[in-house]
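Residue strings, one per chain:
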Amino acid sequence: MARRLFVLALVFLTAFASLAAAQDTPVGPDYDLWTQTADRAEGVIDAERASDPAFETLRAQLVEFREQFRVASGTNSARIATLRAQIEALGPVPEDGSAEPDALAAQRADLGTRLAEAEAPGRRAEAELRRAQGLIGEIDRLLASRQAGALLTLEPSPINPANWPAAVSAVFAYLNALATENLRLWSSPIYQAEFSENIPLVLLYLLAGIVLILRGWHWVGRIMRRPVELEESSPTARLSVFFLSMAQHGLPALGVIALAQAIEESSFVGLRGSVILAAIPQIAITVAVAIWIGRQVFPARESAARPLNLPDFRLARGRRTAGWLGLLMGVSQLMDAIAESEGFQPAERLVIFFPVVILTGLLLARLGRFLILHAQAQSRVEDPASLRTRIFGLIGRAVVLLGFAGPVLAGVGYFTAGSSFLFPAVLSLSLLALLGVLQRLVANVYGALTGRQEGLDEALTPTLIGFLLTLASVPLFALIWGMRQAQLLDLWEQLILGFDLGGIHISPRSFLSFAIVFVIGYTATRLIQSTLRNSVLPKTKLDAGGRNAVVTGTGYVGIFLAALIAITVAGIDLSSIAIVAGALSVGIGFGLQAIVSNFVSGIILLVERPIKEGDWIQIGSTAGYVREISVRSTRIETFDRSDVIVPNADLISGVVTNMTHHNATGRVIVPVGVAYGTDTRQVETILREVAEAHPMVLMTPPPNIVFQGFGADSLNFEIRAILRDVNWMLSVKSDMNHEIAKRFADAKIEIPFAQRDIWIRNPDALKTTTALTGAENEDDGGGTNTSPQEEQP
């Protein structure tokens, strides 16, 4: 036991010493090796004779050196910052020709020498970094030009009958060699002995593969029956169906892989057979995924969501088309592997691949036709057609064009161009369909977690997640359409490291730092506001408006400080945007002066508080309560419960009547009219008693009864009283009117209404007209009705 402890201690001390030595030894780029590599790279690039894999290997070496130089360019950064600060502390060198003190000059020279020595490693690394980046860019441009040249290269035409015999001979030669290889392996005693030893394992894989292929689909189908019944109404059921459908399509693929593994374990597999067996799992997965995506986009169940507005027979064709496309993609992978291993000639390879290209193009054109039919059906439903529908139509037409253009280009000899358009189009459609499926999955997960069943596609959270999934798929689309993986990694690295824009370094780290610090500051501001509003300010003597002003001002200051600290932490130099800010200030002065005026007016309202929340104000014809004072405007709630948004500048520059500015007291005026002949002193006494009896009326000063004068129909009085709370003005006026009506009725005092006497100037003429009218009526009743015109001669 002691020996073991001694050995462990010795190993620990050795490792610690090695680590300390490694830390003491400066680690940096090997400039001698770099010079050799860079010179070799320049020679290879100038010759342009290396193959694409050789250029990729060379590029990877350059990228490794580039990362070393990027790290080394920051060498002694802390010491350099210190030395520069010291030099700045010495002040500028005298420019008027006067001599600088010897001690100060010596110190300045010493600091300059030390600064140059400290900057030397970083400057060298920076220079070599630029060289590495230049060489990498040259390799990328060279490979890109080769790719473009391959698309425009005219190859042997697969429809030329002269190329067919060699292709047929190559196929039969391969089949003959494959059969000969298998017969040789079957007749070999060594492989027969190995097969005898592996029979149990072979039978196990064979049995598992047959069971999964024949029964796996049906087993999962039985489990899916119950969730399918609830699929239309339950997000949880839809999630269950989704994952069970993946298992339903995956089990047969696993069965095919198990059969391939059984053949592999039998030992009767040669070099050519191993190429086929290596491709079988990939083919099985490709076909299974294609069928699954096809059944998601062209569902067979009535209860399933239907992304495309198509009839059932077209959905069935869509499912078959997707399955055949998956099979063709898998077969193309197998044929590519066989052609690569057998070394087929270009003409032979093109002729063998051409049938696959034709079938793929026709099936792709059929999918594009389905998209066009969906867009046409949606256009008849939507008026006008939505952007989504128009995009479906454009994609469908583009897919149909590619489906026919690919085989045509391949047939005339531009085989690389045709296949480069055709197969990426198939993969792009598959990826688009997968994005739609994942979006629906996210919506169902959101519905299952929140318990929401309706409107899941329009919810904000699933929409944002779908947008992020779409952004994440952009690199996949780039890889599908020919971008090299090394280029994509460079773009990602550049995005992570950031870039300079107008003297400001922008990177995801800066954005993340800004967001985190600002969110923390914003949250802290809200917590402080809540504490002030609920705990601190209620214990002070400030009124509600003053408390609101303090809380709002605290929010403005807190958010401003949070933004300022977040900008500083993110490393954004505010001085670098000073020119931009100056230009913006000119624009603000001219184009945004109204907004700035309202903002400043809002600050004045909060500080000076001529009005505050809860005040009853009147501005122009608008009267109501102030409900909110924001940065730009103030919201006034009128007495009919409608909101009026008033710019803050109007409240500052206009005339505003504030009924409750300093306190809630206010005067109410109740007009009353009595009939002529009434005892005016009795009326005055009754009105005074009514006013003084109301609990909302203040006695200091006491209510006043005013005999206004003699009206056209009545003697006019007014009750003028000061209320404790002017907000109860209408209620107090109503109460007083009720009491006045009751007291006047008890005292038999009449409240008159308007009466008018009508005087007729010519009563005799009115009597004559009435008599003539009566005589005419008697004539009409006893004889023929004749008009005056008929009686005239």
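Check the entry above for the structure.
In this text the structure is predicted, and so the values were computed from the model without any measurement.

A. Main features of the overall build of the protein. Looking only at helices and strands, the protein has 25 helices and ten strands in total. Each of the 793 residues in the protein was classed as buried or not, and the buried ones make up 33%. Excluding contacts between residues fewer than 6 apart, the proportion of contacts in the protein whose partners are at least 24 apart in sequence is 70%. When the accessible surface of the protein is split by element, carbon and sulfur atoms take 63% of a total near 48100 Å².

B. How the structure looks around the sheet that holds strand β5 (residues 633-638). If you walk across this open sheet you meet the five strands as β6-β5-β4-β3-β7, and the pairing is antiparallel. Each end of this open sheet is capped by a strand with a single partner; those strands are β6 (643-647) and β7 (657-658). As judged from the five bridges shared by strand β4 (residues 622-629) and β5, these two strands associate in the antiparallel manner. In the strand pairing of β5, Ile629 is matched with Thr634.

C. Focus on the sheet that holds strand β10 (residues 715-723). An order of β8-β10-β9 is seen for the three strands of this open sheet, with the pairing classed as antiparallel. The strands lining the two open edges of the sheet, one partner per strand, are β8 (666-674) and β9 (704-710). Geometrically, the sheet is characterised by an average inter-axis angle of 20° between neighbouring strands, direction not taken into account. Bridge analysis of β9 against β10 gives six bridges, and the strand direction is antiparallel. Note on β10: the bridge partner recorded for Ile705 is Ile719. Together, β8, β9 and β10 form the strand contacts of helix α22 (residues 680-693), whose direction differs from that of β10 by roughly 25°. Of the strands in this sheet, β8 and β10 are in contact with helix α23 (residues 729-746), which crosses β8 at around 30°.

D. Layout of the packing of aromatic side chains. For the structure on display, the rule yields 17 aromatic pairs. Both rings, one in Trp186 and one in Phe268, keep their centres 4.2 Å apart while their planes meet at 10°; by these two values the pair is stacked. You can see Trp186 sitting in helix α6 (residues 164-186) and its partner Phe268 sitting in the loop between α9 (235-265) and α10 (271-297), a full 82 residues away along the chain. Here Phe268 falls in the buried class, since its relative accessible area comes to 8%. Where Phe298 meets Phe370, the ring centres are 5.8 Å apart and the plane angle is 65°; that geometry is what we call edge-to-face. One end of the pair, Phe298, is in the loop between α10 and α11 (312-342); the other, Phe370, is in helix α12 (residues 346-381), and 72 residues separate them in sequence. Taking the relative accessible area as the measure of exposure, Phe298 reaches 6% and is therefore buried.

E. View of α23. With 18 residues, α23 extends 26 Å between its outermost C-alpha atoms, agreeing within 8% with the 26 Å of an ideal straight helix rising 1.5 Å per residue. Among the residues of α23, those classed as buried are Met729, Val732, Met736, Ile740 and Phe744. Take α23 and look down its axis: the buried residues cluster within an arc of 90°, on one side only. In α23, the exposed residues that point more than 90 degrees away from the buried face are Leu730, His738, Ala745 and Asp746.

F. Broad picture of the pairing of β5. Most of β5 is tucked away: five of the six residues are buried. Connecting β4 to the antiparallel partner β5 that follows it, the hairpin turn spans three residues. Examined bridge by bridge, β5 and β6 share five bridges and lie antiparallel to one another. Paired with Arg635 across the bridge in β6 is Ile645. Joining the antiparallel neighbours β5 and β6 is a turn of four residues, in which Arg641 adopts a positive phi near 65°.

G. Molecular detail of the pattern of salt bridges. Evaluated as defined, the whole model comprises 31 salt bridges. Notably, a salt bridge pairs Glu181 with Arg272, separated by 3.8 Å at the nearest N-O pair. Of this pair, Glu181 sits in helix α6 while Arg272 sits in helix α10, and the two are 91 residues apart along the sequence. In this structure, Asp336 engages Arg349 in a salt bridge whose closest nitrogen and oxygen atoms are separated by 2.5 Å. You can see Asp336 sitting in helix α11 and its partner Arg349 sitting in helix α12, a full 13 residues away along the chain. Judged by relative accessible area, Asp336 falls into the partly exposed class, the value being 36%. Taken together, the salt bridges that share partners define one network made up of Glu56, Arg59, Arg66, Glu67, Arg70, Asp140, Arg484 and Asp490.

H. Representation of the environment of Gly318 within the structure. Mapped onto the elements, Gly318 comes out in helix α11. Judged by its relative accessible area of 0%, Gly318 falls in the buried class. For Gly318, the contacting residues outside a window of four places in its chain are Phe298 and Phe370.

I. Spotlight on the packing of α22 against α23. Contact geometry of α22 with α23 gives a least axis separation of 10 Å together with a crossing angle of 140°. Here α23 runs oblique to α22, going by the angle between their axes. For the crossing formed where α22 meets α23, the hand is right-handed. Facing Val683, Ile686, Leu687, Glu689, Val690 and Ala691 of α22, the residues of α23 in contact are Met736, Glu739, Ile740, Arg743 and Phe744.

J. Representation of the nonpolar core in the model. Of all hydrophobic cores here, the largest spans 50 residues; its most connected members are Phe298, Leu308, Leu310, Leu364 and Phe415. Elements with a contribution of two residues or more to this core: α6, α9, α10, α11, α12, α13 (387-412) and α14 (415-450). Ranked by residue count, the leading element in this core is α12, at 14 residues. Apart from the residues lying within four places of it in its own chain, the contact partners of Leu364 are Leu325, Val399, Gly403, Leu422, Ala425, Val426 and Leu429.

K. The environment of Arg349, seen in detail. According to the relative accessible area criterion, Arg349 is partly exposed, its value standing at 25%. Not counting the four nearest positions on each side in its chain, Arg349 is found in contact with Asp336, Ala339, Glu340 and Phe344. A distance of 2.5 Å separates a polar atom in the side chain of Arg349 from a polar atom in the side chain of Asp336.

What counts as what
- Along each chain, residue indices are assigned from 1 in the same order as the chain's sequence is written.
- Totals for whole chains, interfaces and linings use every residue, but because this is a predicted model, local features are given only for residues with pLDDT of at least 70 and side-chain atom pairs only at 80 or more, for both listing and counting.
- For the side-chain quantities, the full set of heavy atoms in the structure was used; hydrogens and water were omitted.
- Numbering of helices and strands runs from the N terminus, with a helix taken as a DSSP run of H or I at least four residues long and a strand as a DSSP run of E at least two residues long.
- For each residue, the accessible area found with a 1.4 Å probe, counting protein chains only, is set against the maximum for its type, and the residue is called buried under 20%, exposed over 50%, and partly exposed in between.
- In what follows, residue pairs with any heavy atoms lying within 4.5 Å of each other are defined as contacts.
- Only the protein chains shown count as covering a residue, and every accessible area follows the Shrake-Rupley method with a 1.4 Å probe.
- Here a strand pair is declared whenever DSSP counts at least two bridges between the two strands.
- The angle between two axes is taken between their N-to-C directions and runs from 0 to 180 degrees, where each axis is a line fitted to C-alpha atoms and a helix contributes only its stretch in contact.
- Between 30 and 60 degrees the pair is tilted, below 30 it is stacked and above 60 it is edge-to-face, where a pair is any two Phe, Tyr or Trp rings, Trp via its six-membered ring, whose centres lie within 6.5 Å.
- By this rule the span expected of a helix is its residue count minus one, scaled by 1.5 Å.
- Each direction from the helix axis to a C-beta atom contributes to the arc, which is the arc of those directions.
- We count a salt bridge whenever a side-chain nitrogen from Lys or Arg sits within 4 Å of a carboxyl oxygen from Asp or Glu.
- Each angle is binned into one of four classes, with values under 35 degrees roughly parallel, values over 145 roughly antiparallel, values of 65 to 115 roughly perpendicular, and all other values oblique.
- Crossing handedness follows the turn of the near helix against the far one: under a right angle anticlockwise gives a left-handed crossing, and clockwise gives a right-handed one.
- By nonpolar core is meant a set of buried Ala, Val, Leu, Ile, Met, Phe, Trp, Tyr and Cys residues that side-chain atoms within 4.5 Å join together.
- Polar contact criterion, stated in full: a pair of N or O atoms within 3.5 Å, where within protein one must be able to donate a hydrogen and the other to accept it, and residues adjacent in sequence count only if both atoms are side-chain atoms.

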